[in-house]
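A structural walkthrough
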Amino acid sequence: MKFAYRFSNLLGTVYRCGNLNFTCDGNSVISPVGNRVTVFDLKNNKSDTLPLATRYNIKCVGLSPDGRLAIIVDEGGDALLTSLVCRAVLHRFHFKGAVHSVSFSPDGRKFVVTKGNLAQMYHAPGRKREFNAFVLDKTYFGPYDETTCIDWTDDSRCFAVGSKDMSTWVFGAERWDNLIYYALGGHKDAIVGCFFESSSLDLYTLSQDGALCVWQCDTPPEGLRLKAPAGWKADLLQREDGAERETTVHGKAAPAAEEQQGKVKYSRAAKYFFNKEGDFNHLTAAAYHKKVHLLVTGFASGIFHLHELPEFNLIHSLSVSDQRVSSIAINGSGDWIAFGCSGLGQLLVWEWQSESYVLKQQGHFNSMVSLAYSPDGQYIVTGGDDSKVKVWNTLSGFCFITFTEHSSGVTGVTFTTTGYVIVTSSMDGTVRAFDLHRYRNFRTFTSPRPTQFSCVAVNSSGDIVSAGAQDSFEILIWSMQTGRLLDVLSGHEGPISGLCFNPMKSVLASASWDRTVRLWDMADSWRTTETLALTSDALAVTFRPDGAELAVATLNSQITFWDPENTVQTGSIEGRHDLKTGRKELDKITAKHSAKGKAFTTLCYSADGQSILAGGMSKFVCIYHVKEQILRKKFEISCNLSLDAMEEFLNRRKMTEFGNLALIDQDAMEEGGVPIPLPGVKKGDMSSRHFKPEIRVTSLHFSPTGRCWAATTTEGLLIYSLDARMLFDPFELDTSVTPVQIRAALCQRDFTRAILMAFRLNERKLLQEALESVPWDEIEVISSSLPDLYVEKALEFLASSFEESRHLEFYLIWTQKLLMAHGQKLKCRVGTLLPAVQFLQKSIQRHWDDISKLCDWNRYSLQYALAVSKQRGLKRPSEPPGSEQEADVPEGDDNSLHLLRRGPGDGDGPLA
């Protein structure tokens, strides 16, 4: 098994903070999730996370007009210039301060960054190679407080900047003679948004108290005049420099009277208020579409308004969340509106004309605790401290069902072997079974007396459900069919930390804090067959897929391996040095000493059983080789310094004579924070506190296909997939196996020899070329002539080809002939072939689901069309012989034709 795994996707969290953006075609939403960026494709119903990460949580994202480049800025002021085409980081830059917003000019030549109380304009990076991609052009001063928002005119001649000092400043991007700067007031609270009208210098400004000011300008954009050069001396200095100098524009609150002659002037045409009746909280986000004249505003109560400007006509108002709306974006056509709510981690896309959701996703707004893969690897179920159970599609990356029956935190989730039943345990004292066919809770298992369950397990047949109690130290056994309590297993002297059934036998392993692991035999009336004595408290237990080995993680950072038949320890791994835990900001001891209390809390065997995954109270996930007992690879799941326990040493600059600066709430004056206490101040929620979540891995699980594994962490649900592009893994290669020889064998129609050489070279394109060159009527002969050693490789290649190839029937014939010819021999190696077969089943099942939905839709459409035509034919009066009767398609009624032409994705409902 090769371990060229790389990060592939982030699930479980759809939005954290920052601003949302639509791509140029308007079909995708770019959402910042922590220190990563996820792209949600609304047309194809897929989500993808870019393979990059910032050092802190992302604050703002600026998208170029052509959609090729993006500037991603984090809370520390570090910027990444990213290509959305090749999905790579092109340049890194530090703005030396916190950045609130960034915006490209419509012509793509400049971009403006608001930092502190100033705005800086940079030359935008072009398509040619440059030594420094960020060249500062001008710095604009004027506001007295922090700047909040930016907007450009359509011709990129001017831009407006809003500030917390209740003023809006209009600056010229060039050295205009009649407009250098212009300050606009009229508000009584911080500016949330400022927007230019289309092809005009007219401006709309919005403040937090729900006020909208409409400003009219007496000069059109064509009336701006370039400032004349200062003379031959300035021209000479510019020629001597040979480069463009950085200039600084200082604004004044009250320009002199002589400076105002012939200058651009603004006048307030109207002022409107959103909260006349006081029903809504302060305004938190706004967006404006210039072509449609659509203004969208979001409020702290989760309500958003749609208005038509400049008349300020209310189109409609709706509540989309219980928390504040943090960010709003409108796509290019003005049909879809994206809302981000950071409090609950919600991402919504609303089609305002049909008043329907295009996308409605929400992650766990508290930490995720457990996860499990379905037997075919298509779905992942997660449980969190927010008492919710969510099921995610691994292909699309979306959550398609959420179960909310639990009233307290979910502690364990698992699938049955059928893949259509989910069993969960919770701290509310119940174990529930959910049906994925009807999406309902069809069984609820309870205990005779109230208790809290810490873990859950289901046997291989799916008939027996077991759960471990945290406070009574007992294991409860139920029947899935009847829901009755079958037995209560006693014997442990501490809380139950883990349960696992042997996949091949009716044996249950239970781990406890009493430093023992007990094996219970279901066939022998649940008697304790063996007790394994450990050197420390047991935290996790798991069986190998073939049931021949048992792994236990203990509190002293060790992983011990046992033979469950002979109850003999076969090996151990010391993982304390591999954890490398970080130091929290408020820790009194160093990271080296705090590592003594850290351990692995979750274990999972790989699909072939040769390796084991281990994770816990650290930012690392380790893969160990079981037989050799060595570390194979270590994955760093996050580099986000916004999380706690990330650094090994504390920053000495934060240590003062009065204590650690981390004890002070630095975000007190931010939106939603608590202001610094002053006499008479009543603003803000005094119970809210700023905290940094600690990085940790709560659960790990390998996919049954063996090609990916998942981890629930503080960052979310991380998926790591096998990257075949990083591998050159030839098989029994010699000098006679070359691409030229393979193509020569294909020209001679020696298909068997060409396929065997392609497998030995193990180049995907050559394999595809060799297999697709075989005529379909010769596939049966070629399949029977392949040696048994190459059949497994052929099945793995076919499974991966189903995900991207259009030749569905051709590869299905290959699969059928291979299994028919070698099926009896493959049964003898079912243990090693199981991951490949499950991967093949997952790929075929996905196509079967898609085609079956399309066929069902067409069948129902045809039935409807026939019923309509039959009904119209009965109502039509008798016609003379010889006349044409159109009974199948009634004249003047195209409903049946529309239904026949419409596919499953063309309905009136939401796309996702």
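Residues numbered from 1 in each chain as written. Predicted model: local features only at pLDDT ≥ 70, side-chain atom pairs only at ≥ 80, totals over all residues. Heavy atoms only, no water.

A few points about unusual backbone geometry
Most peptide bonds adopt trans geometry, and most residues besides glycine take a negative phi value. Residue Pro310 is reached from Leu309 by a cis peptide bond, and omega for that bond is 5 degrees. Here Pro310 is to be found in the loop between strand 25 (303-308) and strand 26 (313-319). Positive phi values are uncommon outside glycine, yet Met166 reaches one of about 70 degrees. If you trace the backbone, Met166 turns up in the loop between strand 15 (158-163) and strand 16 (168-172). A positive phi angle, near 50 degrees, is found at Thr567, a position not held by glycine. Note on placement: Thr567 falls in the loop between strand 49 (558-563) and strand 50 (568-574). Judged by its relative accessible area of 22%, Thr567 falls in the partly exposed class. (Helix = DSSP H or I, 4+ residues; strand = E, 2+ residues; numbered from the N terminus. Buried < 20%, exposed > 50% of the residue type's maximum accessible area, 1.4 Å probe, protein only.)

Comments concerning the pairing of strand 44 (residues 507-512)
Counted residue by residue, strand 44 has six buried out of six residues, so it is predominantly covered. Where burial is concerned, the two faces of strand 44 agree: the one with Val507, Ala509 and Ala511 and the one with Leu508, Ser510 and Ser512 are both buried. Relative to strand 44, strand 43 (residues 496-501) is paired through five bridges, and the arrangement is antiparallel. Paired with Gly498 across the bridge in strand 44 is Ala511. Connecting strand 43 to the next strand, strand 44, in antiparallel fashion are five residues. Direction of pairing for strand 44 relative to strand 45 (residues 516-521): antiparallel, over a ladder of five bridges. (Pairing = 2+ DSSP bridges.)

Regarding the UniProt feature "repeat: WD" (unreviewed entry) in the chain
Under the UniProt annotation, the feature "repeat: WD" (unreviewed entry) is placed at residues 361-393, 403-444 and 489-530. Taken end to end, residues 361-393 comprises 0% helix and 58% strand; its first and last C-alpha atoms sit 13 Å apart. (UniProt positions renumbered as here; feature names shortened; annotations may be inferred.)

Regarding the state of the cysteines
As used here, a disulfide is simply a covalent bond connecting the sulfur atoms of two cysteines. Per the counting criterion, the structure on display carries zero disulfides. Here Cys500 is not cross-linked by a disulfide; its sulfur's nearest cysteine counterpart is in Cys604, at 9.6 Å. (Disulfide = S-S within 2.5 Å.)

Quick look at the environment of Gln470
Along the chain, the position of Gln470 falls in the loop between strand 40 (464-469) and strand 41 (475-479). Along the chain, Gln470 and Ser512 lie 42 residues apart, while their C-alpha atoms are 9.5 Å from each other. Leaving out residues up to four positions away in the same chain, Gln470 has contacts with Met427, Thr451, Gln452, Ser454 and Pro495. (Contact = heavy atoms within 4.5 Å.)

Focus: the sheet that holds strand 40
Pairing in this open sheet of four strands is antiparallel, and the strands run 39-40-41-42 from one edge to the other. Two strands close off the open sheet at either side, each with one partner strand: strand 39 (453-458) and strand 42 (485-489). On average, each strand axis in the sheet is inclined to that of its neighbour by 20 degrees, with strand direction left out of account. (Axes fitted to C-alpha atoms, helices over the stretch in contact; angles between N-to-C directions.)

Observations regarding the pattern of salt bridges
In the structure shown here, the tally under the stated rule is 24 salt bridges. Between Glu694 and Lys598 there is a salt bridge, with its nearest N and O atoms 3.7 Å apart. Here Glu694 is found in the loop between strand 56 (659-660) and strand 57 (697-702), whereas its partner Lys598 is found in the loop between helix 3 (591-594) and strand 51 (600-605), with 96 residues between them in sequence. For Lys598, a relative accessible area of 14% gives the class buried. (Salt bridge = Lys/Arg side-chain N within 4 Å of Asp/Glu carboxyl O.)

Comments concerning the packing of aromatic side chains
The full count for this structure, using the stated rule, is 36 aromatic pairs. Here the aromatic rings of Tyr140 and Phe171 are separated by 5.0 Å at their centres, their planes lie at 45 degrees, and the arrangement is tilted. With Tyr140 in strand 13 (residues 135-141) and Phe171 in strand 16, the pair connects residues that are 31 residues apart, well separated along the chain. Accessibility classification places Tyr140 together with Phe171 in one group, the buried group. Connected via pairs of aromatic rings, a cluster forms that spans Phe93, Phe95, Phe104, Phe111, Tyr122 and Phe134. Between the NZ or CZ atom of Arg36 and the centre of the ring of Phe7, over which it lies, the distance is 4.0 Å. Above the ring of Phe620, the side-chain terminus of Lys634 is found at 4.8 Å from the ring centroid. (Phe/Tyr/Trp six-rings, centres within 6.5 Å; stacked < 30°, edge-to-face > 60°. Lys NZ or Arg CZ within 6 Å of the ring centre and 35° of its normal.)

Overview of the sheet that holds strand 32 (residues 379-384)
Here we have four strands laid out as an open sheet, ordered 31-32-33-34, and antiparallel in their pairing. Edge strands, defined here as strands with exactly one partner in the open sheet, are strand 31 (368-373) and strand 34 (399-403). In this sheet, neighbouring strand axes are inclined to one another by 20 degrees on average, regardless of whether the strands run parallel or antiparallel. Where strand 33 (residues 389-393) meets strand 34, four bridges bridge the pair, whose relative direction is antiparallel.

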